[in-house]
Amino acid sequence: MASQEPQQSKSKISDHQQSKSKISDHQEPPAIITPHFKYSNRVLLKTILQRNDGGLGLVGHKMVIGGWIKSSKEIKKQPLKLDSVADNSSPGNKDVTCIELLQTRVPLFRSIVKIFGGGSGNYTARTKLDSVVPKPPLPLPSLPSIVNLLVSDGSCVASLQVRIEFSEDFPFRTMPIGTSIVAEGVLNRLQGEGKQIIEFKAENLVYIGLVEEDKYPLSKKRLPLESLRDCTHFRPRTTTVASVMRIRSCLSFATHAFFQNHEFFSLEMPIITTTDGVGFSERFRVTTLSGKEDTKVMDDDTEGVKLEGFKLAMKEKNNLIQQLKRTESNREALFAAEQDLLKTNQLAAQSEAKHKDQSQASKSKKVDFFSNQTYLTVSGMLHLESYGCALGNVYSFGPRFRADNKNVSGKHLGEVWMVEAQMAFSQLEDAMTCAEDYLRFLCKWVLNNCEEDLKFVIKRIDKNRINLLQAMAYCSYERITYTKAVELLQKVSDKTFETQPGWGIPLTTQHLSYLADEIYKTPLIVYNYPKDVKPFYARSNDDGKTVAAFDMVVPRGGILITGCQNEERIEILEERMREVGLGKEEYEWYLDLRRHGTVKHSGFSMGFDLMVMFATGIPDVRDAIPFPRTQGMLNN
């Protein structure tokens with residue numbers, strides 16, 4: 001047995017060398033420098049696992065990898081045959097038969113032996129057999145075990161199998177899910193069929209980051225997305241959330257690539273502002289004052305009023321005393337008036353001292369950072385206009401905030417990310433065309449650059465998502481007016497809408513989704529809305545009832561992009577502001593853009609988180625953003 005093992009290992013080595021020569025003949029040259037991450041000495045797993053050959057071209061190369069354990073399995077090596085153990089036993093044990101050895105080693109065989117009696121069926125024979133077996137039983141040679149790990153570093157969907165052989169010099173045992181390791185070793189090719197075609201044989205563990213298994217929230221596999229929202233700082237370690245975030249990163253890069261390729265300038269718009277960029281949104285107020293400080297100001301004012309009252313009372317009482325002294329007719333009344341004045345003087349002195357203390361405290365109290373009431377911005381479109389009217393074509397990508405107390409269909413957040421664009425010297429048709437090109441570009445980019453993540457998406461989230469993205473990337477887009485949309489919806493007889501469609505009523509997501517999903521079955525742009533359902537700055541059409549604004553809705557995705565041509569005529573803009581009740585002083589800077597060098601200009605905005613939902617098929621927007629902020633939810 002011992003003489004056969006080296007021959008087997010030699011044959012395995014020769015097979016391995018032959019497989020390497022075959023690989024080198026057909027794919028990669030033998031001298032390959034393993035590419036490692038520039039800012040550390042480890043190799044990203046995507047550079048191994050996403051090769052065209054699945055990493056076979058790197059077999060035999062030594063490298064360092066790092067990641068987090070997704071599963072761990074210990075495999076015991078097969079023990080030596082029993083006859084070999086018996087032959088190598090001590091001389092004093094030579095009379096022990098094979099059946100006796102099995103009886104001491106394996107409970108199952110012991111039961112079988114007791115049933116058949118080792119050739120005899122009486123109880124006496126079994127007792128005699130037991131007395132022959134030495135105590136304690138013979139120890140088998142200690143055999144090393146193998147630990148197979150699946151390790152992911154977040155760079156791709158696939159995980160790498162890491163093989164660690166236990167020995168006295170390498171005392172490694174199974175580790176719980178979530179443990180991080182950095183290991184040095186060699187890539188080997190796996191024989192046979194299976195998901196893994198290569199494995200990493202670890203020769204040295206450089207680092208181990210342990211996990212408190214009873215406290216680690218991801219110790220259980222496949223937790224539902226709802227549960228993962230309670231530990232948003234750990235959920236990117238799951239395959240689903242990691243894939244969604246890699247696609248989100250790809251969409252972000254594609255956004256900048258599209259606008260940069262079309263001569264747009266990237267700018268950051270302010271998060272803190274005094275204006276409402278929509279005109280009818282719930283906003284978050286920004287202040288450095290607390291409720292206690294506001295109360296102090298009120299108390300200070302109240303005390304000042306009291307002091308003025310005491311001074312007025314003292315003056316009246318003093319006049320009364322002077323009159324009584326001149327007449328000298330009622331000494332008791334004079335005495336009472338003098339006592340009353342004395343008491344009033346004492347109260348006035350106390351009030352003055354308190355007022356003085358509060359005045360000093362008021363001077364030293366914290367003053368609000370801004371002189372005017374300020375809010376977190378709901379839109380950057382107004383500010384972006386000022387740069388669009390100077391640089392031509394501009395876009396912004398950043399967070400926006402709306403304090404809406406709702407999460408309808410899992411699509412509303414308190415903090416959202418928006419892509420906003422403004423173009424000078426352009427009209428409504430130009431903005432709609434740009435929006436179409438932008439959406440097509442995003443879909444094509446994801447299809448071309450997120451192949452492995454999309455494969456995971458169709459396996460775990462939505463099996464038709466790739467087909468849907470391909471359709472959005474290459475199909476034609478329909479355009480209809482708001483009036484025609486209402487007419488089509490009013491003719492629908494097989495569907496009951498929550499809000500019945502009628503002219504002048506805002507089209508809901510349900511209305512628009514029905515038009516795109518059931519009637520047109522293609523991306524749809526609805527334009528020329530009633531002026532009362534769109535922002536005040538949308539350009540008024542000649543009919544006086546509608547404005548040059550649009551919504552883009554996609555099948556199984558709802559509204560992704562909204563936009564409009566902006567009103568450049570100052571008289572009409574001022575009239576619209578009066579109609580919606582906006583203060584002119586607050587928007588004076590915005591009106592200045594119309595007074596000095598105004599041009600026709602248009603733009604649009606896209607809910608970036610909604611685009612991530614559409615690209616991945618994830619059903620709730622809270623799982624499409626790294627750290628969701630919704631009403632009552634702020635874990636970190």
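For clarity, every value in this text was computed on a predicted model and none was experimentally measured.

## Comments concerning the confidence of the model for the protein chain
Next up, step 1: Within the protein chain, residue pLDDT values average 81, and 76% of them lie at 70 or more.
Next up, step 2: Scored below 50 in pLDDT, residues 108-141 shows 31 contacts in the model against residues more than four places distant or in partner chains.

## Points about helix α13 (residues 451-460)
Next up, step 1: For α13, the complete set of buried residues consists of Asp453, Leu454, Phe456 and Val457. Each buried residue of α13 lies within a common arc of 155° when the element is viewed along its axis, so the set occupies one face.

## Structural notes on the packing of α13 against helix α14 (residues 465-474)
Next up, step 1: Following both chains from N to C, one finds α13 and α14 inclined at 125°, their axes separated by 8 Å at the closest point. Regarding the angle of α13 to α14, the classification is oblique. For the pair α13 and α14, contact is made by Leu454, Val457 and Ile458 and by Arg465, Ile466 and Leu469, respectively.
Next up, step 2: For the contact of α13 with α14, the class distribution of residues is five nonpolar, no polar and one charged.

## Some remarks on the packing of aromatic side chains
Next up, step 1: Taken as a whole, this structure holds 22 aromatic pairs when the rule is applied.
Next up, step 2: Arranged with centres 5.3 Å apart and planes meeting at 40°, the rings of phenylalanine 258 and tyrosine 438 form a pair that is tilted. Placement of the pair is phenylalanine 258 in helix α8 (residues 239-261) and tyrosine 438 in helix α12 (residues 428-449), with a sequence separation of 180 residues. With respect to class, phenylalanine 258 is no different from tyrosine 438; both count as buried.
Next up, step 3: Relative to tyrosine 395, the ring of phenylalanine 259 has its centre 4.6 Å away and its plane inclined at 15°; by these criteria the two rings are stacked.

## Concerning unusual backbone geometry
Next up, step 1: For glutamate 263, which is not glycine, the phi torsion reads 65° and is therefore positive.
Next up, step 2: Here glutamate 263 is to be found in the loop between α8 and β6 (265-266).
Next up, step 3: Taking the relative accessible area as the measure of exposure, glutamate 263 reaches 59% and is therefore exposed.
Next up, step 4: With phi around 55°, lysine 521 is a residue other than glycine that occupies positive phi space.
Next up, step 5: Looking at the element boundaries, lysine 521 is found in the loop between α16 (509-520) and β13 (524-530).

Conventions we followed
- Residues numbered from 1 in each chain as written.
- Predicted model: local features only at pLDDT ≥ 70, side-chain atom pairs only at ≥ 80, totals over all residues.
- Heavy atoms only, no water.
- pLDDT = per-residue confidence, 0-100.
- Contact = heavy atoms within 4.5 Å.
- Buried < 20%, exposed > 50% of the residue type's maximum accessible area, 1.4 Å probe, protein only.
- Helix = DSSP H or I, 4+ residues; strand = E, 2+ residues; numbered from the N terminus.
- Arc of directions from axis to C-beta.
- Axes fitted to C-alpha atoms, helices over the stretch in contact; angles between N-to-C directions.
- Parallel < 35°, antiparallel > 145°, perpendicular 65-115°, else oblique.
- Nonpolar A, V, L, I, M, F, W, Y, C, P; charged D, E, K, R; others polar.
- Phe/Tyr/Trp six-rings, centres within 6.5 Å; stacked < 30°, edge-to-face > 60°.

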